Amino acid sequence: MAQPPGIHARRAALRLLDAVLRRGEMLDIAFGPATKDVRKFEDKALARAIASEVLRWLVDLDGLIDSATKKPLPDDAKARTVLRMMLAQWLRLDTPPHAVIATCLPLLAGGPRRLAHGVFSTLTKREVSLPAAPTLPADVAERWGERSEAIAGGLAEPPPLDLTLKNPDDTEVWKAKLAADSLMPGHLRLARGENIEKLAGFEEGAWWVQDLAASLPARLLGAGEGRHVLDLCAAPGGKTLQLAAQGWKVTALDISKRRLDLLKANLKRTGLKASTVRADALEWEPKHMFDAILLDAPCTATGTARRHPDVLHRIGERQIEEMAELQAALLEKASGWLKPGGRIVYATCSLEREEGEERAAQSSLPTAPIAVDELPDGILPDDSGWVRTDPGMLAENGGIDGFFIARMRRPD
């Protein structure tokens, strides 16, 4: 029996959601295995879009489903997951209801197809809708406190495409070539959905993809002028490229061979140079001290929820505690590799205080405060001289990822 067009994408989306919600896997890691049988690029992209929208709006989708069932479906029931997918396609991806039914009900072959059909039909007849911003899971909202509502507003849509230019002096030139916006020198912002490899400047290495927030830590080390910098936990290399372009002699260290290979490929494409080292940062010892260190530490990545909404459902106190312990060890280790007068920038793409403010407060090094004129308009340092961004900021300009950044200095 012939399968309806698009069924393969829906099966892949179902596998993705099972991997994230039942097994706690990262969406990025689950994507390859879940889509291995999907041939078309467009179908792979659709599978990712369906799964992402379900994860982004999960609490609200479940509320709609529960409003149309006499007896609540178990959270891990296949029928509930399929209904989440059906609603996400209709309400978020503008898929006509008849197409949703044709492509999703076959996923429940031998199961409660009539139940799913009935619930979906009831909700479409009611002409239900989703709120303006997704409802956060209760534990997430509690952790993020008074900023939760604003952050949720920033999660309503996937983010635009941000690029970092190799030469910030060419910002206006590339802004015109790519019909882009710019929020600070060296930054470009385009609409999402662009085919990156076909954009002008890709092959010649004039820029690389990097969220605006992720570009700030390297910027805060300034011009290298031939001095030595260590990019710790460097791959896949956006910050390494920035540092090299800023004139630093870069040692880029990472434990992952696969990710270091990506870094090397980016160096080759852009024509920039750095020494790469594959090692565990907690066991490695450098041959010399450094003028500066950039520690973009491993973290829970909750600040990237705009493009990785799985973090809303995978991350809890246990993962935060584990990462905070690792971050503290890395920061202490790295601080001992600074020359007198040297600076270290500590950063995480996390919204958790345990991974940001609490780590910086426990450092033995004094803060080198970040100034207003080092940041894009609309982003301000706090009273401690640190920077905290979140997805609720710069909303009128397309938003920004969540990051914590602190700069410290070793006394002379």
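Below is a summary of the structure that appears in this document.

Conventions and cut-offs
- Residues numbered from 1 in each chain as written.
- Predicted model: local features only at pLDDT ≥ 70, side-chain atom pairs only at ≥ 80, totals over all residues.
- Heavy atoms only, no water.
- Core = buried A, V, L, I, M, F, W, Y, C linked by side-chain atoms within 4.5 Å.
- Buried < 20%, exposed > 50% of the residue type's maximum accessible area, 1.4 Å probe, protein only.
- Helix = DSSP H or I, 4+ residues; strand = E, 2+ residues; numbered from the N terminus.
- Contact = heavy atoms within 4.5 Å.
- Polar contact = N/O pair within 3.5 Å; in protein donor to acceptor, adjacent residues only side chain to side chain.
- Expected span 1.5 Å × (residues − 1).
- Pairing = 2+ DSSP bridges.
- Axes fitted to C-alpha atoms, helices over the stretch in contact; angles between N-to-C directions.

1. Some points on the nonpolar core
- L83, M85, M86 and L87 are the most contacted members of the largest nonpolar core, which totals 44 residues.
- Where this core is concerned, the elements lending two or more residues are α1 (7-21), α2 (27-34), α3 (41-56), α4 (58-67), α5 (78-91), α6 (97-104) and α7 (113-126).
- Beyond its immediate chain neighbours, meaning those up to four positions away, L83 contacts I65, L73, A116, V119 and F120.
- Membership of the second largest hydrophobic core comes to 36 residues, among which are V229, V250, L294 and I400.

2. So, the environment of R407
- Locating R407 in the fold gives a position in strand β10 (residues 403-409).
- Taking relative accessible area as the criterion, R407 reaches 3% and is therefore assigned buried.
- Not counting chain neighbours up to four residues away, the residues in contact with R407 comprise L220, R343, I344, V345, P366, T367, A368, P369, I370, A371 and E374.
- Among the polar contacts made by the side chain of R407, one reaches the main-chain carbonyl oxygen of L220 at a distance of 2.9 Å.
- At a separation of 2.6 Å, a polar atom in the side chain of R407 contacts the main-chain carbonyl oxygen of P369.

3. Some words on α3
- Taking 1.5 Å of rise per residue, the 16 residues of α3 would be expected to cover 22 Å, and the 22 Å separating its terminal C-alpha atoms lies within 8% of that figure.
- Among the residues of α3, A47, I50, A51, S52, E53, V54, L55 and R56 are the ones counted as buried.
- Summarising the contacts, the buried residues of α3 are in contact with α1, α2, α4, α5 and α14 (311-314).

4. A few points about the sheet that holds strand β9 (residues 387-389)
- Judged by pairing direction, the sheet is mixed, and its seven strands sit side by side in the order β6-β5-β4-β7-β8-β10-β9 without closing on themselves. Sheet topology places β6 (275-278) and β9 at the edges, where each strand pairs with a single neighbour. Averaged over all neighbouring strand pairs, the angle between strand axes comes to 15°, with direction disregarded.
- Relative to strand β7 (residues 290-296), strand β4 (residues 228-232) is paired through four bridges, and the arrangement is parallel. Among the inter-strand pairings, L232 is bridged to a residue of β7, identified as L295.
- Taken strand by strand, helix α11 (residues 212-219) contacts β7, β8 (338-348), β9 and β10, and its axis lies near 0° from that of β10.

5. Looking at unusual backbone geometry
- The omega torsion across A235 and P236 is 10°, close enough to zero to call that bond cis.
- Mapped onto the elements of the fold, P236 is located in the loop between β4 and α12 (238-245).
- Positive phi values are uncommon outside glycine, yet D94 reaches one of about 60°.
- With respect to the element layout, D94 can be found in the loop between α5 and α6.
- Look at D94 and you get exposed, because its relative accessible area is 65%.
- For A179, which is not glycine, the phi dihedral falls at a positive 50°.
- With respect to the helices and strands, the residue A179 is situated in the loop between α10 (171-177) and β2 (187-190).
- Here A179 falls in the exposed class, since its relative accessible area comes to 71%.

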